[in-house]
Amino acid sequence: NGHGKQYHDNGNMKFEGDFKDGVYNGRGQKYFINGKLESEGEYVGGKMTGYGKKYYKNGALLYAGELKDDIYEGFGRKYNSDGIVIMDGEWHNNLLNGIGREYYDNGKKKYIGELKNGLYDGYGAAYDENEKEIYEGGWKEGNKNRKKK
């Protein structure tokens, strides 16, 4: 119990932070076998819970926000490997649920509105690659359900 370090078989750091009964519990940083940061934040029972950050294997930020048992749960932002936000909003079970936004890989808006299980569902607006609105209205399970305005 207390603060400690754990190493991969190749000698690179695997985890540095707080332990309780041999598992990650409290603040800590977890590392990929290549030595790059994999995640950092609060751990409960060995899993990220609360605010945290996850990273791609190349070290770029993948996600910053709320997590529960290692999955996206609550408000958060997801990034592409170039560091550009591609999704943000309310997450449930690793999928956008509620009000959210999606962006093209260049950072331009793609969709703003309601989502359910990662699909456009409810009221929202879709945009082309130049941020020109192409549809605003109702959606059901990812499909438009009203005529174009």
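Note that residues are indexed from 1 along each chain, following the sequence as it is written. This being a predicted model, a pLDDT of at least 70 is required before a residue's local features are given, and a value of 80 or more before pairs of side-chain atoms are given or counted; all residues contribute to the totals for chains, interfaces and linings. The basis for the side-chain values is all heavy atoms of the structure; hydrogens and waters are excluded.

> Hey, could you go over the overall build of the chain for me, with residue numbers and the actual values?
Labels follow the DSSP assignment, with helices taken as runs of H or I lasting at least four residues and strands as runs of E lasting at least two, numbered in each case from the N terminus. Scanning the chain for helices and strands turns up zero helices and 13 strands. Its helices and strands taken in sequence order, the chain reads β-β-β-β-β-β-β-β-β-β-β-β-β from the N to the C terminus. For the chain, buried positions account for 36% of its 149 residues. By definition in these notes, contact holds between two residues if any of their heavy atoms fall within 4.5 Å. Considering only intrachain contacts with a sequence separation of at least 6, the fraction spanning at least 24 residues in the chain is 4%. Only the protein chains shown count as covering a residue, and every accessible area follows the Shrake-Rupley method with a 1.4 Å probe. As presented, the chain carries roughly 8,600 Å² of accessible surface, and 47% of it is formed by carbon and sulfur atoms. Side chains of the chain carry 25 positive and 24 negative charges; the gap between the two charge centres is 3 Å. Exposed residues in this analysis have more than 50% of their type's maximum accessible area, buried residues have under 20%, and partly exposed residues fall in between, with area computed by a 1.4 Å probe over protein chains only. Here Asp and Glu are counted as negative and Lys and Arg as positive; His is not counted, and neither are the chain ends. The atom standing in for a charge is NZ when the residue is Lys, CZ when it is Arg, CG when it is Asp and CD when it is Glu.

> Could you give an account of the pattern of salt bridges, naming the residues involved and the relevant values?
The salt bridge definition used is simple: a Lys or Arg side-chain nitrogen within 4 Å of an Asp or Glu carboxyl oxygen. Here the structure, examined in full by the defined rule, presents three salt bridges. In this structure, aspartate 88 and arginine 77 form a salt bridge, with 3.6 Å as the shortest nitrogen-oxygen distance. Of this pair, aspartate 88 sits in strand 8 (residues 85-92) while arginine 77 sits in strand 7 (residues 71-79), and the two are eleven residues apart along the sequence. You can call aspartate 88 buried: its relative accessible area is 3%. Judged by relative accessible area, which is 33%, arginine 77 ranks as partly exposed. One salt bridge in this structure joins arginine 101 and aspartate 88, with 2.9 Å as the shortest N-O distance.

> Please give an account of the packing of aromatic side chains that cites residues and values.
Side-chain rings of Phe, Tyr and Trp (the six-membered ring for Trp) are treated as a pair once their centres are within 6.5 Å; stacked means planes under 30 degrees apart, edge-to-face means over 60, and tilted covers the remaining angles. Counted by the stated rule, this structure contains twelve aromatic pairs. When the centroid spacing of 5.3 Å and the interplanar angle of 80° are considered together, the rings of phenylalanine 15 and phenylalanine 19 count as edge-to-face. In this structure phenylalanine 15 comes out as buried when scored by relative accessible area, which is 0%. Classification of phenylalanine 19 as buried rests on a relative accessible area of 16%.

> How would you sum up the side chain of serine 39? Please name residues and give values.
You can see serine 39 is positioned in strand 4 (residues 37-44). Pairing of N or O atoms within 3.5 Å defines a polar contact, subject to two protein rules: one partner must be a possible hydrogen donor and the other a possible acceptor, and residues neighboring in sequence count only if both atoms are side-chain atoms. Among the polar contacts made by the side chain of serine 39, one reaches the side chain of tyrosine 43 at a distance of 2.7 Å. Residue contacts for serine 39: discarding those within four places in its chain leaves Gly28, Gln29, Lys30, Met48, Lys53, Lys54 and Tyr55.

> I'd like to hear about the environment of lysine 109, residue by residue, with values.
Structurally, lysine 109 is set in strand 10 (residues 109-116). Look at lysine 109 and you get partly exposed, because its relative accessible area is 25%. In sequence terms lysine 109 and lysine 54 are 55 residues apart; their C-alpha atoms lie 23 Å from each other. Apart from residues no more than four positions distant in its own chain, lysine 109 is found in contact with Glu102, Tyr103, Tyr104, Tyr127, Asp128 and Glu131.

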